[in-house]
Amino acid sequence: MPAIPSNKPFRVGRSRTGLGLFATKPIKKGAKIVRYFGPLLDSKKKKDDAIENKYLFELNNRWTIDGSVRKNVARYINHACKPNAESDVRPRKRKVVIRAIKNIEPGDEINYDYGTDYFKAYLKPIGCKCDACEKKRKKKRAEARVERLRLKEKAERKALKQAEKLASAKAGTRKLNGAKATAKPTVRQSAKAGAKANGHASM
Ligand SMILES: [Zn+2]
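Considerations on the confidence of the model for the protein chain
Chain-level pLDDT for the protein chain is 87 on average; 85% of the residues reach the 70-or-more range. Predicted confidence is poor over residues 191-199, with pLDDT under 50, and the contacts of this stretch with residues over four places away or in other chains come to zero contacts.

Here we look at the sheet that holds strand β8 (residues 85-90)
As summarised here, the arrangement of the three strands in space is β3-β9-β8, forming an open sheet in which the pairing is antiparallel. Edge strands, defined here as strands with exactly one partner in the open sheet, are β3 (32-36) and β8. Mean inter-strand twist for the sheet, computed between neighbouring axes without regard to direction, equals 25°. By the bridge criterion, four bridges tie β3 to strand β9 (residues 95-100) in an arrangement that is antiparallel. Across the sheet, the residue bridging to Tyr36 is Val96, located in β9.

Description of the environment of Asn7
Tracing the backbone shows Asn7 in the segment before β1 (10-15). Owing to 6 C-beta atoms within 10 Å, Asn7 belongs among the exposed residues under this scheme. Along the sequence, Asn7 and Thr24 sit 17 residues apart, while their C-alpha atoms lie 9.8 Å from each other.

Details of the environment of Ser87
The topology assignment puts Ser87 in strand β8. Measuring from C-alpha to C-alpha, the distance between Ser87 and Ile98 comes to 4.6 Å, with eleven residues separating the pair along the chain. Filtering out sequence-adjacent residues up to four positions away, Ser87 remains in contact with Tyr36, Val96, Ile98 and Tyr112.

Thoughts on the sheet that holds strand β6 (residues 63-66)
The sheet built from three strands is open, its strands ordered β4-β6-β5 with antiparallel pairing. Both edges of this open sheet fall to β4 (40-42) and β5 (56-58), since each of them pairs with a single strand only. Strand-to-strand twist in this sheet, taken as the mean axis angle between neighbours without regard to direction, amounts to 35°. In terms of strand pairing, β5 meets β6 through three bridges, oriented antiparallel. Its bridge partner being in β6, Glu58 is matched across the sheet by Thr64.

Rules behind the numbers
Residues numbered from 1 in each chain as written. Predicted model: local features only at pLDDT ≥ 70, side-chain atom pairs only at ≥ 80, totals over all residues. pLDDT = per-residue confidence, 0-100. Contact = placed C-beta atoms within 7 Å. Pairing = 2+ DSSP bridges. Helix = DSSP H or I, 4+ residues; strand = E, 2+ residues; numbered from the N terminus. Axes fitted to C-alpha atoms, helices over the stretch in contact; angles between N-to-C directions. Buried ≥ 20, exposed ≤ 12 C-beta atoms within 10 Å, placed from the backbone.

Structure below.
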């Protein structure tokens, strides 16, 4: 890790995605934090244009800063979708300064938005791990959990209802069979009794 002078308000430390830059002192909104620097690459030169790494900072169509040099501490700053800093780009001066856009407290990780092109090329394929995206993911997981529970309870209620229906239907058939069994002989008996009675009467 690079040595950072103690008068600087940041240090390199472990972050969720590897290394990151963390505030060691309060940084006021609007304050310059660190310069993003490195050799200037000229897109008109074939040799420059062939250079490819994750730390290229495009200033305009022609000039790009190659920030992969170790001394460029700003390269440790991770991307965030809701950052506390921004990259202040001055293409004419060929200069980039990372500036606070919120008050940053000691211990906070310093982030800025890397922009749509970088996001699409490097972050979208693996899933952005910034706080805002992690929170979104967590919320979605929690919502999915609630939905799964709701569906499970619904299925259980349905199963219970069906079981009750089945049980009452069985009980109903039994009652009906019992009624038929006792009813038939009664009718026959009474018919016989009637015949007997008739017989008696004719006698
Ligand atoms: Zn994100």
